[in-house]
Amino acid sequence: MSEARTKIRSSRHTADDTERLGIAAALVLAVAAALGLHTLVSVPTIREAARAELTRVIADEDRDVCGQLGLRPGTNAFVVCSRELANVRRKQSERDQAAAAGFL
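The notes below deal with the structure included here.

Calculation notes
The written sequence of each chain sets the order in which its residues are numbered from 1. With pLDDT at 70 or above as the cut-off, local features in this predicted model cover only qualifying residues; side-chain atom pairs require 80 or more to be listed or tallied, and sums for whole chains, interfaces and linings still use all residues. Note: side-chain values were computed over all heavy atoms of the structure, leaving out hydrogens and water. Working definition: a disulfide is two cysteine sulfur atoms within 2.5 Å of each other. The helix and strand labels rest on DSSP assignments: H or I over at least four residues marks a helix, E over at least two residues marks a strand, and numbering proceeds from the N terminus. Buried residues are those whose accessible area, probed at 1.4 Å on protein chains only, stays under 20% of the maximum for their type, while exposed residues exceed 50% and partly exposed ones sit between those limits. Just to be clear on terms, a salt bridge is a Lys or Arg side-chain nitrogen sitting within 4 Å of an Asp or Glu carboxyl oxygen. Here a polar contact is recorded for every N or O atom pair within 3.5 Å, except that within protein the pair must consist of a potential hydrogen donor and a potential acceptor, and residues adjacent in sequence are included only if both atoms are side-chain atoms. Two residues form a contact once any of their heavy atoms are found within 4.5 Å.

**Overview of the state of the cysteines**
Stage number 1. Taken as a whole and judged by the stated rule, the model has one disulfide.
Stage number 2. Across the disulfide, C66 is cross-linked to C81 (sulfur-sulfur distance 2.0 Å). Looking along the S-S bond of the C66-C81 disulfide, the torsion reads about -95°, which is the left-handed sense. Pair noted here: C66 is in helix α1 (residues 2-68) and C81 is in helix α2 (residues 76-100), with a separation of 15 residues, a long-range link.
Stage number 3. The class for C66 is buried, based on a relative accessible area of 0%.
Stage number 4. With a relative accessible area of 10%, C81 lands in the buried category.

**Here we look at the pattern of salt bridges**
Stage number 1. In the structure shown here, the tally under the stated rule is eight salt bridges.
Stage number 2. A salt bridge links R89 to D62; the nearest nitrogen and oxygen atoms lie 2.8 Å apart. Remark: D62 occurs in helix α1 and R89 occurs in helix α2; sequence separation between them is 27 residues.
Stage number 3. Judged by relative accessible area, R89 falls into the partly exposed class, the value being 25%.

**Quick notes on the side chain of S82**
Stage number 1. Considering the arrangement of structural elements, one finds S82 in helix α2.
Stage number 2. Accessibility expressed as a relative area gives 15% for S82, which makes it buried.
Stage number 3. Reaching out from S82, the side chain makes a polar contact with the side chain of D62 at a distance of 3.5 Å.
Stage number 4. When near neighbours in sequence (up to four residues on either side) are disregarded, S82 contacts D62 and C66.

This is the structure:
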């Protein structure tokens, strides 16, 4: 009779273990889904922050480079300098893209 009890207990433990594994898998899936949803919702905010940071970095670079040339912010010469730096950045970007595509 003790064998019968052991068999019943072991099959019951197996069912409990399976149920626990199912619950654990459901929890992991729920957490993954929540993180995925959070990421999707956060993407526009992250992109906007990255754009703002890039704009700030470019303005700082313009101020530094044009300032080294003796051009002060707010002057026409500074505006021309900033425009030319933008052209240099654009051309470099085009070269980088061409190199990435295998053209260079």
